[in-house]
2 protein chains.
Amino acid sequence: MERIFNLNQHQLPTRWYNVLADLDRPLDPPLDPRTQEPLSPEALTALFAKTCVEQEVSTDRFIDIPPAVQDIYQLWRPTPVYRAVNLERALDTPAHIYYKYEGASPTGSHKTNTAVAQAYYNKIEGTKRLTTETGAGQWGSALSFACQALGIDLTVFMVKVSYEQKPYRKAMIELYGAEITPSPSQRTHAGRAVLAEDPDSPGSLGIAISEAIEEAMATGAKYSLGSVLNHVLLHQTVIGQEALAQMDLAGEYPDAVVGCVGGGSNFGGLMLPILYDSRNRGRQVEFIAAEPTACPTMTKGEVRYDFGDEAELTPLLRMHTLGHKFVPPPIHAGGLRYHGMAPIITRLVEDGVVQPVAFDQLEVFNDAVMFARAEGIIPAPETAHAVHAAVELARDCARRDEKKVILIGFSGHGHFDMSAYTAYLSGQLVSTR
Amino acid sequence: MERIFNLNQHQLPTRWYNVLADLDRPLDPPLDPRTQEPLSPEALTALFAKTCVEQEVSTDRFIDIPPAVQDIYQLWRPTPVYRAVNLERALDTPAHIYYKYEGASPTGSHKTNTAVAQAYYNKIEGTKRLTTETGAGQWGSALSFACQALGIDLTVFMVKVSYEQKPYRKAMIELYGAEITPSPSQRTHAGRAVLAEDPDSPGSLGIAISEAIEEAMATGAKYSLGSVLNHVLLHQTVIGQEALAQMDLAGEYPDAVVGCVGGGSNFGGLMLPILYDSRNRGRQVEFIAAEPTACPTMTKGEVRYDFGDEAELTPLLRMHTLGHKFVPPPIHAGGLRYHGMAPIITRLVEDGVVQPVAFDQLEVFNDAVMFARAEGIIPAPETAHAVHAAVELARDCARRDEKKVILIGFSGHGHFDMSAYTAYLSGQLVSTR
């Protein structure tokens, strides 16, 4: 039985797919919080690389991937698609389960796909230094890798509780040469304000974003965001394009595509090209977005304009939100602890294209352990949500004797999250339902 | 420029290569320590799977890989060969540097190749439970993965200092379902004897081997060793066979093959098939074995019969040894802290086929950081010794304007060893020269 579907280097996509070309009606624009008026692209270029801002609003269906970015992608791309034969056997299901393995990247997750692109555009536009935030650490390590590859300085504000609990992610960020500061910090007004109220604040992604943006604006650096925005999802579409070619190699077409969703970029990167392709072929595909019950942005949040950060420094985005002051419980899937959502994913949920589902971390880890024991690869806690969603589908197929082809967006491995597995295996993981 | 050389699943080797068929004179046999007489294979089957004991003395040049073992190998094999283009650029060298990436295995190192084979033979021979030891944790996690895949119980004695310092490796071993005990323990005579003398003993690989063997003998379990023995090197020869096919894809032939050496299995697995092939082609290849100056088994040890463990429970093997009571300094490359050597590698060093070299961990980490920054992938501290050896060769090529094709045995990634990089980057890593 074929288990691995590899593409060769020459099959690396040369263009990103831009879903903005194919939406029935345009997305609502970002608003300036002071005027409530649509924000001009120029206002955004104070913060982001000009090319990224252009991509944020472009309606070109395909955007060329610069050769220098392709060159760096080739350090690990194309990533493999695996068929989870042992998992199918363990579940005794007629379903065929495939997973697109983004854990193959140097930093172990899909985040490098946009990190390299953003660092590249900043480099050619003359940026000397970037700032960013990181929660679980996947984004911080991906951007530090990319900045190292392209010769840009980087300052990372790392949510303090992660900084203390994930010393290996911190080490990885430092190994790639970035400067790292626990957030909240004394470096920014936003950080000092939080510390004045609570000197022991564990921090949050919202606070760290505020600090990174403030520092960029105060020092003439640029800022880089690892999810949510249109151009970030755009850069991730290499995932779905490769996956389509690999499913073709396998002689199958996905009936269901499942991913985990924090800000929406890994899921979007996988499903958007498949949505485009399936519509062209007149095929029906289920797109299932898994989030934690502890941070139920799509399943319990409302859709409205909200800030992306805690200190209200970002533009207003129309999206699913739990409110920008929402502090989710400290579940192990740090990458899914975000109050907001990519406006593109929000739109697809509103349109009924994407089905959101929420899971408790206990059921998620139960299936993640089963997956690791069957397939060897250990899912990151975030990815474990996608795995659990797929396993639930496959169990349903077994009950109904239905052969369904399921494709999992496997966003990353869990090598830096083993303490979560220790907590689960020793019975210390709590339900947050 | 081509960077990745992937084989497809159908190119997975179906046979292991056995160098015992091609030695000019047979290896000296293991001796019974009580009688100093050659040990009968029967005596070894009390401890090891019968098929492994047969393979230990077989002189068949090729031994078929059982289909069930191939099936599990296909979860991650064939592993990629990468050309380190960015590293070549960073070194400004005319050398071409390739690396065979065994970090692609589920547990992140080459150890799974023999773990699966040993677990399989034990399974079909009726073994219900295995015991083993682990130092750095690579072997313990590999065997726990293999035992999980094949449905055998496993007890791992983990060197206490690693048990405490590497909670993520411990978590991985537990995730795959093995029982784990810090060594020295109260479970065995050997452990109790050590604790009676030093209740705070940090343990050593030699002590942990004693405990695992004693427990196997006392409970009717079998024992499994992750390096040194002939059959272990045999199982690793999938590495070198794949690498030859991949170098062929690259249109090159290695002039130099470098690996790190603790017990000798990853280096042997890579170089033995290439030695065989190069002799058939009449080609000269340098085989370079890198070890730490802190545990200079080949470069400073003597060749004589010695025990493999501290408590003198193993047969006597004729090998390079620093003495079985030798306790190496606590360097970060835990997998290279072993007093002995594979008898096969000892013979090749004696015959001048393999050149041993020893490096201090400071120079090793310096080049490992350079490698990670250039190529993205982070070498395990053990692997970093091979990387450093290759970088030294490539620097020499630059000085002499010589185009040499260098193939590195990249035994594993460093995701579970990030504290070593933190120590290096913060200037806390000490020279042990």
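Refer to the structure above for everything that follows.
To keep things clear, this report deals only with the structure shown in the data block.

Side note on empty space enclosed by the protein
Turning to step 1, where the next piece is worked out: This structure, assessed with the given rule, holds nine cavities of 30 Å³ or more.
Turning to step 2, where the next piece is worked out: For the largest cavity, the calculated volume is near 540 Å³.
Turning to step 3, where the next piece is worked out: In this structure, the largest cavity is lined by 31 residues; those nearest its centre are Tyr82, Tyr101 and Ala104 of chain A together with Tyr101 and Ala104 of chain B.
Turning to step 4, where the next piece is worked out: Split by residue class, the lining of the largest cavity holds 21 nonpolar, ten polar and no charged.

Quick word on the side chain of Asp309 of chain B
Residue and element names in this part refer to chain B.
Turning to step 1, where the next piece is worked out: Residue placement: Asp309 occurs in the loop between strand S12 (302-307) and strand S13 (316-321).
Turning to step 2, where the next piece is worked out: An unpaired buried charge is present at Asp309: no salt bridge exists, and Lys325, the closest side chain of opposite charge, is 8.3 Å distant.
Turning to step 3, where the next piece is worked out: A polar contact is formed between the side chain of Asp309 and the backbone nitrogen of Glu312, at a distance of 3.2 Å.
Turning to step 4, where the next piece is worked out: What Asp309 contacts, discounting residues up to four positions off in sequence, is Gly206, Ile209, Ser210, Thr314, His324 and His339.

Observations regarding the pattern of salt bridges
Residue and element names in this part refer to chain A.
Turning to step 1, where the next piece is worked out: Across all of its chains, the model carries 56 salt bridges over all chains by this definition.
Turning to step 2, where the next piece is worked out: A salt bridge links Asp28 to Arg318; its shortest N-O distance comes to 3.6 Å. Highlighted residues: Asp28 in the loop between strand S2 (15-17) and helix H1 (41-45) and Arg318 in strand S13 (residues 316-321), separated in sequence by 290 residues.
Turning to step 3, where the next piece is worked out: With a relative accessible area of 35%, Asp28 lands in the partly exposed category.
Turning to step 4, where the next piece is worked out: Taking the relative accessible area as the measure of exposure, Arg318 reaches 25% and is therefore partly exposed.
Turning to step 5, where the next piece is worked out: Ionic contacts of the salt-bridge type, sharing partners, join the residues Arg77, Lys100, Glu102 and Glu242 into one network.

Section: the sheet that holds strand S5 (residues 96-101) of chain A
Residues and elements named next belong to chain A.
Turning to step 1, where the next piece is worked out: The seven strands are arranged S1-S4-S5-S15-S10-S11-S14 in an open sheet whose pairing can be described as mixed. Edge positions in the sheet fall to strand S1 (4-5) and strand S14 (354-359), since each of these pairs with one other strand and no more.
Turning to step 2, where the next piece is worked out: In this fold helix H12 (residues 238-249) packs onto S1, strand S4 (81-83), S5 and strand S15 (405-410), with an angle of close to 140° to the strand it touches most, S5.
Turning to step 3, where the next piece is worked out: Sheet strands in contact with helix H16 (residues 361-375) are S4, S5, S14 and S15, and its direction is about 100° off that of S14.

With respect to the relation of the copies chain A and chain B
Turning to step 1, where the next piece is worked out: If you rotate chain A by 180° and push it 0.0 Å along the axis, it lands on chain B with an RMSD of 0.0 Å. In symmetry terms, the pair is related by a two-fold rotation axis. Within chain A, His415 of chain A has its C-alpha nearest the rotation axis, a separation of 3.2 Å.
Turning to step 2, where the next piece is worked out: By residue overlap, the copies meet face to face through one surface: 100% of the interface positions of chain A are interface positions in chain B.

Notes on the nonpolar core
Where a protein is soluble and globular, its nonpolar side chains tend to be buried together.
Turning to step 1, where the next piece is worked out: Counting 213 residues, the largest nonpolar core has Trp16, Tyr73 and Phe287 of chain A together with Trp16, Tyr73 and Phe287 of chain B as its most contacted members.
Turning to step 2, where the next piece is worked out: Broken down by element, this core gets its largest block of residues, nine residues, from helix H17 (residues 381-400) of chain B.
Turning to step 3, where the next piece is worked out: Discounting residues that sit within four places of it in the chain, Phe287 of chain B has contacts with Val257, Phe267, Met271, Ile274, Leu275, Ser278, Val353, Val354 and Gln355 of chain B.
Turning to step 4, where the next piece is worked out: Counting residues in each nonpolar core, the second largest holds 30 residues, with Tyr82, Leu87, Ala394 and Cys397 of chain A among its members.

Structural notes on the sheet that holds strand S6 (residues 129-134) of chain A
By way of backbone hydrogen bonds, the strands of a sheet pair with one another, either parallel or antiparallel.
Residues and elements named next belong to chain A.
Turning to step 1, where the next piece is worked out: The sheet built from four strands is open, its strands ordered S8-S7-S6-S9 with parallel pairing. With one partner strand each, in any of the chains shown, strand S8 (179-183) and strand S9 (222-223) form the two edges of the open sheet.
Turning to step 2, where the next piece is worked out: As paired strands, strand S7 (residues 153-159) and S8 are joined by five bridges and run parallel to one another. By the bridge assignment, Met158 is partnered in S8 with Pro182.
Turning to step 3, where the next piece is worked out: Its contacts with the sheet put helix H8 (residues 167-175) on S6, S7 and S8, and the angle it makes with S7 is roughly 170°.

Quick look at the layout of surface pockets
Unfilled space is identified by rolling a water-sized probe across the atoms.
Turning to step 1, where the next piece is worked out: Approximately 830 Å³ is the volume found for the largest pocket.
Turning to step 2, where the next piece is worked out: Lining the largest pocket are 39 residues, with Val159, Val161, Gly203, Ser204 and Arg337 of chain A sitting closest to its centre.
Turning to step 3, where the next piece is worked out: Contributions of two or more residues to the lining of the largest pocket are made by helix H7 (160-165), helix H9 (189-197), helix H10 (205-219) and helix H18 (418-425) of chain A.
Turning to step 4, where the next piece is worked out: With four residues, H9 of chain A is the single largest residue contributor to the lining of the largest pocket.
Turning to step 5, where the next piece is worked out: For the lining of the largest pocket, the residue count by class is 20 nonpolar, twelve polar and seven charged.
Turning to step 6, where the next piece is worked out: Each of two domains, domain 1 (4-8 + 67-109 + 231-425) and domain 2 (28-53 + 111-228) of chain A, supplies a minimum of three residues to the lining of the largest pocket.
Turning to step 7, where the next piece is worked out: Lining the second largest pocket are 33 residues, and of these Pro30, Glu56, Leu229, Asn230 and Leu317 of chain B lie nearest its centre.
Turning to step 8, where the next piece is worked out: Mapped by element, the contributors of at least two residues to the lining of the second largest pocket are helix H1 (41-45), helix H2 (50-57), helix H10 (205-219), helix H11 (230-235) and S13 of chain B.
Turning to step 9, where the next piece is worked out: It is H2 of chain B that contributes the most residues to the lining of the second largest pocket, four residues altogether.
Turning to step 10, where the next piece is worked out: Looking at side-chain class alone, the lining of the second largest pocket contains 24 nonpolar, six polar and three charged residues.
Turning to step 11, where the next piece is worked out: Both of domain 1 (4-8 + 67-109 + 231-425) and domain 2 (28-53 + 111-228) of chain B provide at least three residues apiece to the lining of the second largest pocket.

With respect to helix H6 (residues 138-150) of chain B
All names here are of chain B.
Turning to step 1, where the next piece is worked out: Taking 1.5 Å of rise per residue, the 13 residues of H6 would be expected to cover 18 Å, and the 18 Å separating its terminal C-alpha atoms lies within 8% of that figure.
Turning to step 2, where the next piece is worked out: Among the 13 residues in H6, eleven count as buried, and that is most of the element.
Turning to step 3, where the next piece is worked out: Buried residues of H6: Gln138, Trp139, Gly140, Ser141, Ala142, Leu143, Ser144, Phe145, Ala146, Cys147 and Leu150, and no others.
Turning to step 4, where the next piece is worked out: On its buried side, H6 packs onto helix H3 (67-73), helix H5 (112-124), strand S6 (129-134), strand S7 (153-159), helix H8 (167-175) and H17.
Turning to step 5, where the next piece is worked out: Positive phi shows up at Gly151, right after H6, with a value of about 75°.

A short note on unusual backbone geometry
Residue and element names in this part refer to chain A.
Turning to step 1, where the next piece is worked out: The amide bond that connects Ser183 to the next residue, Pro184, takes the cis arrangement and shows omega of 10°.
Turning to step 2, where the next piece is worked out: With respect to the helices, strands and loops of the structure, Pro184 is situated in the loop between S8 and H9.
Turning to step 3, where the next piece is worked out: Backbone geometry at Asp92 places phi at a positive 50°, although glycine is not the residue there.
Turning to step 4, where the next piece is worked out: With respect to the secondary-structure elements, Asp92 resides in the loop between helix H4 (85-91) and S5.
Turning to step 5, where the next piece is worked out: Residue Asp92 is classed as exposed on the basis of its relative accessible area of 64%.

Description of helix H18 (residues 418-425) of chain B
Turning to step 1, where the next piece is worked out: Listing the buried residues of H18 of chain B in full gives Met418, Ala420, Tyr421, Ala423 and Tyr424 of chain B.
Turning to step 2, where the next piece is worked out: Those residues of H18 of chain B hidden inside the fold are in contact with H8 of chain A together with helix H16 (361-375) and H17 of chain B.
Turning to step 3, where the next piece is worked out: Backbone geometry just after H18 of chain B places Gly427 of chain B at a positive phi near 75°.

How each quantity is defined
- Residues numbered from 1 in each chain as written.
- Chains lettered and ligands numbered in written order.
- Predicted model: local features only at pLDDT ≥ 70, side-chain atom pairs only at ≥ 80, totals over all residues.
- Heavy atoms only, no water.
- 1 Å grid on protein atoms, 1.4 Å probe; cavity = no way out; pocket = protein on both sides within 12 Å on 5 of 7 lines; lining within 4 Å.
- Points joined across faces, edges and corners; volume = space filled by probe spheres on them.
- Nonpolar A, V, L, I, M, F, W, Y, C, P; charged D, E, K, R; others polar.
- Helix = DSSP H or I, 4+ residues; strand = E, 2+ residues; numbered from the N terminus.
- Buried < 20%, exposed > 50% of the residue type's maximum accessible area, 1.4 Å probe, protein only.
- Lys, Arg positive; Asp, Glu negative; His and termini not counted.
- Salt bridge = Lys/Arg side-chain N within 4 Å of Asp/Glu carboxyl O.
- Polar contact = N/O pair within 3.5 Å; in protein donor to acceptor, adjacent residues only side chain to side chain.
- Contact = heavy atoms within 4.5 Å.
- Pairing = 2+ DSSP bridges.
- Axes fitted to C-alpha atoms, helices over the stretch in contact; angles between N-to-C directions.
- Least-squares fit on C-alpha atoms with pLDDT ≥ 70 in both.
- Core = buried A, V, L, I, M, F, W, Y, C linked by side-chain atoms within 4.5 Å.
- Domains from an automatic or database assignment.
- Expected span 1.5 Å × (residues − 1).

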